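Observations on chain architecture
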Amino acid sequence: MSDHKRTIVVTGGSRGIGRSICRSFARADNYIYFNYFSPGDPDAEKAAAAETEKLISEAGGSAKSISVNIASENEVTNFFEKIIGETGRIDVLVNNAGITKDALLVRMKEKDWDDVINVNLKGAFICTQIAAKVMMKQRYGRIINIASVVGVNGNVGQANYAASKAGIIGLTKTVAKELAARGITANAVAPGFIETDMTASLPDKVKTAMLGQIPLGRAGKPEDVAAVVAFLASESADYITGQVIHVSGGMYM
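Notes on the structure in this doc start here. None of the values given here were measured: they were computed from a predicted structure.

To continue, consider the environment of Val-244. Examined against the element boundaries, Val-244 turns out to sit in strand 7 (residues 244–247). Here Val-244 is in contact with Ile-169, Lys-173, Ala-188 and Ala-190, once residues within four sequence places are set aside.

The subject of this paragraph is the packing of helix 3 (residues 73–87) against helix 4 (residues 110–138). Two elements in contact, helix 3 and helix 4, have axes whose closest approach is 10 Å; the angle formed by their N-to-C orientations is 30°. As judged from the angle between their axes, helix 3 and helix 4 are roughly parallel. Helix-helix and strand crossings are classified by hand; for helix 3 and helix 4 the assignment is right-handed. Contacts between helix 3 and helix 4 involve Glu-73, Val-76, Thr-77, Phe-80 and Ile-84 from the former and Ile-126, Cys-127, Ile-130, Ala-131 and Val-134 from the latter. When the residues that make up the contact of helix 3 with helix 4 are grouped by side-chain class, the tally is 8 nonpolar, 1 polar and 1 charged.

Bringing the pattern of salt bridges into the picture now. Under the criterion given, the structure shown has 11 salt bridges. Between Lys-101 and Asp-115 there is a salt bridge; the shortest N-O distance is 2.7 Å. Separated by 14 residues along the polypeptide, Lys-101 in the loop between strand 4 (92–95) and helix 4 and Asp-115 in helix 4 bring together distant segments of the chain. Close ionic contact of Lys-111 with Asp-115 constitutes a salt bridge, the shortest N to O distance being 2.6 Å. Here Lys-111 and its partner Asp-115 are both found in helix 4, 4 residues apart, which amounts to about one turn of the helix. The class of Asp-115 is buried, set by a relative accessible area of 18%.

The strand order 3-2-1-4-5-6-7 describes an open sheet built from 7 strands, whose pairing is parallel. If you trace the sheet from one side to the other, it starts and ends with strand 3 (62–67) and strand 7, each paired once. In this sheet, adjacent strand axes meet at a mean angle of 20° when their direction is disregarded. Lying on the sheet, helix 1 (residues 16–24) is in contact with strand 1 (6–10), strand 2 (30–36), strand 4, strand 5 (141–146) and strand 6 (184–191); it crosses strand 1 at an angle near 175°.

In the structure shown here, the tally under the stated rule is 1 aromatic pair. Look at Phe-79 and Phe-80: their rings are 5.5 Å apart centre to centre, the planes differ by 65°, and that puts the pair in the edge-to-face class. We note that Phe-79, like Phe-80, is buried. Over the ring of Tyr-31 we find Lys-5; its NZ or CZ atom is 4.2 Å from the centre of that ring.

The subject of this paragraph is the packing of helix 4 against helix 6 (residues 159–179). Interaxial distance between helix 4 and helix 6 falls to 8 Å at its minimum, and their mutual angle equals 15°. Taken together, the axis directions place helix 4 and helix 6 in an arrangement best described as roughly parallel. The way helix 4 lies across helix 6 gives a crossing that is right-handed. Residues Asp-112, Trp-113, Val-116, Ile-117, Asn-120, Leu-121, Ala-124, Phe-125, Thr-128, Ala-132 and Met-136 of helix 4 touch helix 6, and the partners they reach there are Ala-159, Asn-160, Tyr-161, Ala-163, Ser-164, Lys-165, Gly-167, Ile-168, Leu-171, Val-175 and Leu-179.

Calculation notes
Along each chain, the written sequence defines residue order, and numbers are assigned to residues from 1. The predicted nature of this model means local features are confined to residues of pLDDT at least 70 and side-chain atom pairs, given and counted, to a pLDDT of 80 or more, with totals for whole chains, interfaces and linings taken over all residues. By convention in this description, side-chain values take in all heavy atoms of the structure and omit both hydrogens and water. A run of H or I in DSSP counts as a helix once it spans at least four residues, and a run of E counts as a strand once it spans at least two, with each numbered from the N terminus. Throughout, a contact is declared for two residues whenever any of their heavy atoms are within 4.5 Å. To get an axis, fit a line to the C-alpha atoms, keeping to the stretch in contact for a helix; angles then go from 0 to 180 degrees between the N-to-C directions. The cut-offs work like this: below 35 degrees is roughly parallel, past 145 is roughly antiparallel, 65 to 115 is roughly perpendicular, and the gaps in between are oblique. By convention the crossing between two helices is left-handed if the near helix lies anticlockwise of the far one by an angle smaller than a right angle, and right-handed if it lies clockwise. Each residue is assigned to one of three groups, with Ala, Val, Leu, Ile, Met, Phe, Trp, Tyr, Cys and Pro labelled nonpolar, Asp, Glu, Lys and Arg labelled charged, and all others, Gly among them, labelled polar. Salt bridge, as applied in this entry: a Lys or Arg side-chain nitrogen positioned within 4 Å of an Asp or Glu carboxyl oxygen. Note on exposure labels: buried denotes an accessible area under 20% of the residue type's maximum, exposed denotes more than 50%, and partly exposed covers the range between, all computed with a 1.4 Å probe on protein chains only. At least two bridges found by DSSP between two strands are what make those strands a pair. Note on ring pairs: Phe, Tyr and Trp rings are taken, using the six-membered ring of Trp, and paired if centres are within 6.5 Å. Classes follow the plane angle, with under 30 degrees stacked, over 60 edge-to-face and the rest tilted. Criterion for a charge above a ring: Lys NZ or Arg CZ within 6 Å of the ring centre, and within 35 degrees of the ring normal.

In structure tokens:
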């Protein structure tokens, strides 16, 4: 695949793990596209996306960010049409966009269930379905989904998030089986407790409890996840598909 620049699409690339994933692809031979979306504070999210673009540019790469509600089929379709119009390809799709709306099961509002499932799982489905059609024509593609340790372990107060991430794992394995004959691989990366804006807001008591479950005794960094994503997108991972790779310091083993 070295005769052309690769087109990399990352959902939720403005900050945290998504930003690190985008930066891991920051080379002159890659086109990087990522979306951002925050109805609550669009200006802050736009600024964060601009910072990601700047960091990629400083590393010698190029990136374009677009505000896209990943749970909207129309917006996602327009997003991919723009990318195809500019590069004609999709080589790598990383489904990273995700939200949390935590509550105990008996107190969880239906809207909070729906919102998390729609972004985390439905959004990944929509992106994968569109990208897969392009990749099938190319007879080449890498689909990498960001799951979570809670998708296999469960977690108190996160029924919606855990269900969405368990769904991501099932989606990954099915996509891997359906698309393997076309030279397309699909794998999932399951982070554990990673230092991001999302985890920074957790109470200290919760952080301490989580650290106690990690054999390596420390939280991970976004770069730890990004390194595995970059590997799965590389030619070195040609013979790996349908797998879930845990990046959790041993929280799951």
